[in-house]
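Each chain, letter by letter, is given below.
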Amino acid sequence: MSGYILRRILQAIPVFFGTTLLIYFMVFAMPGDPIVALFGDKGVNPATAAILRHQYHLDQPFIMQYLIYIGGIFHGDFGTSFSGQPVGNILAQTFPVTIRLSMIAVAVEMVVGIGVGLVAGLRKGKWFDATSLAVSLILISVPIFVIGFVLQYIFAIKLGWAKATVSGDAPFNELILPGIVLASISIAYIVRLTRASVIDTASQDFVRTAYSKGLSRNRVVRVHILRNSLIPVVTYLSIDFGVLLVGATVTEGIFNVPGVGRTLYQAIIRGEGPTVVSFVTVMVLIYLAVNLLTDLLYAALDPRIRYGK
Amino acid sequence: MANRNEHFVADFSEDSVVVDAVRIDDRPSNLWYDAWRDARKRPMFYISGVLIVLVALVALFPGLFTNVAPNDNCQLANSSGGPMLGHPLGFTRQGCDIYSRIIYGTSTSLSVGLIVTVMTTIMGVLAGAIAGFYGKWVDAVLSRIGDIFFSIPYILAAVVIMSVFSQYRNVWVISAAIGFFAWPSTARVLRAEILRVKNSDFVMASTAIGVSRFTILMRHVLPNSVAPVIVITTISLAAAIVAEATLSFLGVGLPSTTMSWGNDISQAQVDLRTAPMILVWPSLALSITVLAFIMMGEVVRDALDPKARSSR
C-alpha cells in the first residue's frame, strides 16, 4: 500500500510540472507587453519600465521566470492579480463560498442521483426507469448555463421563491438554487451509474443468498445491494470535481455568487489574462490534488483493490 | 468372454443426420454487421439519425430553410418583438429574425463539433495506438504526456488559450483550443483496447508467419480495437458543441460578429427578465442537436457491445 502511494505521488510530479509549464508557456506567448500596458496612455519611461521589468523578473529568460513562479507557489505565493491584489488573498476570500456551493451541489447530487438511480435500477424496465433514463439524457444535452438561466427565470424571477442574485456574504439559503443548478449535470451521470451498478449487484449470488436466508427486502436493498453499488459512484466524484470547477465558473457567473468561479468569470470578461491564468493554475493544482486523494481513498474504501507492484 | 472385447456400437440410423438447423444463407457473424442489425431495431436510432441528417442539411444549405437573411433586415422597431408572419420565433434585441439566425448559426456549431472531433480522433488514435502497441518507454512517455493534458479540465484550458489568442478568434482557433486538451480520453480508451487485442491468437499467428510489426498494427490490431473510439467520437462531437457555446457564454468564444448559437444565447441573457424566449430558442436548437448526437452515441455503444445486447 505505501509503495503504491509513493508511486502514485512520483507519477504526479511530472504531471504537475508539465501542467504548470504548459499553462505558463501559454501566458508567455500572450501577445502584448504587460509593462507597456501599465503605463496606459502616458509615454513609457524607459528607466521605470526597466525597474518594473526587473521587479517582475520579465528580464529573465522564460525558463527562469517559470522556476521563480513555481518557487513562489511552494511558498504560498500564487502571483498577483491585475489590480495588484495577491491571488492568494482573493482565493482566501472567495474559496469558502465556492466550497459551500459545491457542498450543496454534491449533497443534491448524492441524494437525488443515488435515490433515483437506486429506484430505477430496482425497477429495471418499468416506467420510472424509462422516465429517469429519458430525463437524464435530456439533462446531459442541455448546457449548464441554459439550465441556470431557465431555473433562475422560473424560480427567482417568475415565482420569487429564491433570489436571482446572491448577496455579498452568500448565506446558505441563497446558495440552494445555484447549488441545484451546479448539481444538474452530474445528477444525470450519477443516476445512470447508480442504476447500472444496482442492476449489476442485484444479480449477484450473495443477493440471492440474502433473500433466501429470509432477510426482508428492505434490509437486502439497504445493506447488500446499495452498499456494494456505491463504489463506482464514489470514484465518479473525483471525475466530477473537474465538472464542478467548470460548472462553478458558469453558475457563479449567472447567480453572481462571490466565489472563485465568479472571480475567474469576471477576470475573463475584463480580459485580465494574468489573473485568469493564475486562477486556472490554482484550480488545476487543486484538481490534481483531489484526484490523487480520491485514488488513495478508493484503495482504502475497497478492500478488494490491492495495489501491489 | 468374447463379449467383453466387443465394442459397444450404437444403433445406426440410415436416415439423414439432422443437426441443429443452420441457415446457410445467413451472413457470417461479424461485429459491424451485428451492430448494424441491432441498431436498426431501435427507435432511438431513427430519431437521432433523422435529427442528425436534418441538422447537417440546415448547416450545409441554410437557404433552403429560410428566405430571411439573418442580418440584413434588422430593424430596431422590431426589437425583442414577438412572432410575426414570416418570422415564426420573433426578433432579438437588435431586431434580427431569431429563426433565421438559428438556421444560419447551425454551421458554426456543427463545424466546431466536426473539427474538434477529427482533431481529437487523429491525435488520440495516433497516441493511443503507438502507446498501446509498442509499449515500454514509448508507452510511459506518451501516457504521461496524456496525463498532463487530461489533468486540465478542457474548458478551463480553452479559456486560457482563448485569452491568449484574443486577437485571432475564429472557428479554427476555438476548435483547436478545445481539441488540444480533449484528445487524451480517446487515446486512453484506444490504448486499453489495443492492450487487450495485442495478445490475441491471431496477432501471435501473424507474428509467427513473419508479418512486420507495423503491418500487424494497421491490418489486424487497429481494425479490431476501433469500436470504442467510434462511440467516443459521437459523444465528443456533442461535447464540443456544448464547449463552444460555453466559451461563447463566458465571453471568450467566437467574436460577436460570428453567428453561433453560443453567441445568441450569451447575448440574450441581458433580456432574460423581459424577453426570455430570445434565450430559449437558440438553447433549444443547441440542446436538440446535442441530444441527437448523444442518443446516436448510446445506440452505437449498445450495438457494439455484445454484452449489453444480450442483457437488453
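In this text the structure is predicted, and so the values were computed from the model without any measurement. (Residues numbered from 1 in each chain as written. Chains lettered and ligands numbered in written order. Predicted model: local features only at pLDDT ≥ 70, side-chain atom pairs only at ≥ 80, totals over all residues.)

Enquirer: Any chance you could break down the overall build of chain B for me, citing the residues and the numbers?
Expert: Summing up its helical and strand segments, chain B has 14 helices and zero strands in all. The helix and strand sequence of chain B, counted from the amino end, reads α-α-α-α-α-α-α-α-α-α-α-α-α-α. By residue count, 41% of the 312 residues in chain B fall in the buried class. Pairs at least 24 residues apart make up 70% of the contacts formed inside chain B by residues separated by at least 6 positions. (Helix = DSSP H or I, 4+ residues; strand = E, 2+ residues; numbered from the N terminus. Buried ≥ 20, exposed ≤ 12 C-beta atoms within 10 Å, placed from the backbone. Contact = placed C-beta atoms within 7 Å.)

Enquirer: Outline the overall build of chain A, supporting the account with residue identities and numerical values.
Expert: A count of helical and extended segments in chain A gives twelve helices and zero strands. Its helices and strands in sequence order give chain A the pattern α-α-α-α-α-α-α-α-α-α-α-α, from N to C terminus. A buried classification covers 33% of the 309 residues belonging to chain A. Across chain A, the fraction of contacts at a sequence separation of at least 24, relative to all contacts at a separation of at least 6, is 71%.

Enquirer: Go over the nonpolar core, please, and point to the residues and values.
Expert: Nonpolar side chains in soluble globular proteins generally cluster together in the buried interior. Of all hydrophobic cores here, the largest spans 138 residues; its most connected members are A:Val280, B:Leu156, B:Ala158, B:Val159 and B:Val160. The contact partners of B:Val159, leaving out residues within four places of it in the chain, are A:Ile268, A:Val276, A:Val280, B:Leu250 and B:Val252. (Core = buried A, V, L, I, M, F, W, Y, C linked by C-beta atoms within 7 Å.)

Enquirer: Hey, could you go over the interface of chain B and chain A for me, with residue numbers and the actual values?
Expert: The accessible area lost on association of the parts is a frequent measure of interface size. Taken together, the contact between chain B and chain A spans 35 residues of the former and 37 residues of the latter. Broken down by secondary-structure element, the contributors of at least two residues to the side of chain B that touches chain A are α5 (136-150), α6 (154-164), α11 (227-250) and α13 (277-304) of chain B. No other element matches α13(B), which puts eight residues into the side of chain B that touches chain A.

Enquirer: Explain the packing of α11(B) against helix α12 (residues 261-268) of chain B residue by residue, including any values.
Expert: Residues and elements named next belong to chain B. The contact between α11 and α12 brings their axes to 8 Å, and the two run at 35°. Crossing angle aside, the handedness with which α11 passes α12 is right-handed. Here Glu244, Ala245, Leu247, Ser248 and Phe249 of α11 come into contact with α12, specifically with Trp261, Gly262, Asn263, Ile265 and Ser266. Residue classes in the contact of α11 with α12 are distributed as five nonpolar, four polar and one charged. (Axes fitted to C-alpha atoms, helices over the stretch in contact; angles between N-to-C directions. Left-handed = near helix turned anticlockwise from the far one by under 90°. Nonpolar A, V, L, I, M, F, W, Y, C, P; charged D, E, K, R; others polar.)

Enquirer: Please set out helix α7 (residues 171-179) of chain B residue by residue, giving values where relevant.
Expert: Taken together, the buried positions of α7(B) are occupied by B:Ile174, B:Ser175, B:Ala177, B:Ile178 and B:Gly179. Contact partners of the buried residues in α7(B): α4 (98-134), α6, α8 (183-198) and α11 of chain B.

Enquirer: Outline unusual backbone geometry, listing residues and values.
Expert: All names here are of chain A. Unlike most non-glycine residues, Asn256 shows phi in positive territory, near 60°. Mapped onto the secondary structure, Asn256 falls in the loop between α10 (217-255) and α11 (260-269). The exposure class assigned to Asn256 is partly exposed, which follows from the 18 C-beta atoms found within 10 Å.

Enquirer: A description of the environment of B:Trp137 should follow, citing residues and the corresponding values.
Expert: By the secondary structure assignment, B:Trp137 is in helix α5. Sequence separation between B:Trp137 and B:Thr92 is 45 residues; the distance between their C-alpha atoms is 57 Å.

Enquirer: Before we move on, could you go through the packing of helix α9 (residues 201-208) of chain B against helix α10 (residues 213-225) of chain B and cite the residues and values that matter?
Expert: Residues and elements named next belong to chain B. With their axes 10 Å apart at the nearest point, α9 and α10 run at an angle of 155° to one another. By the angle between their directions, the pair α9 and α10 is classed as roughly antiparallel. Where α9 crosses over α10, the handedness of that crossing is right-handed. Contacts between α9 and α10 involve Phe202, Val203, Ser206 and Thr207 from the former and Ile216, His220 and Val221 from the latter. Grouping the constituent residues of the contact of α9 with α10 by class yields four nonpolar, three polar and no charged. (Parallel < 35°, antiparallel > 145°, perpendicular 65-115°, else oblique.)

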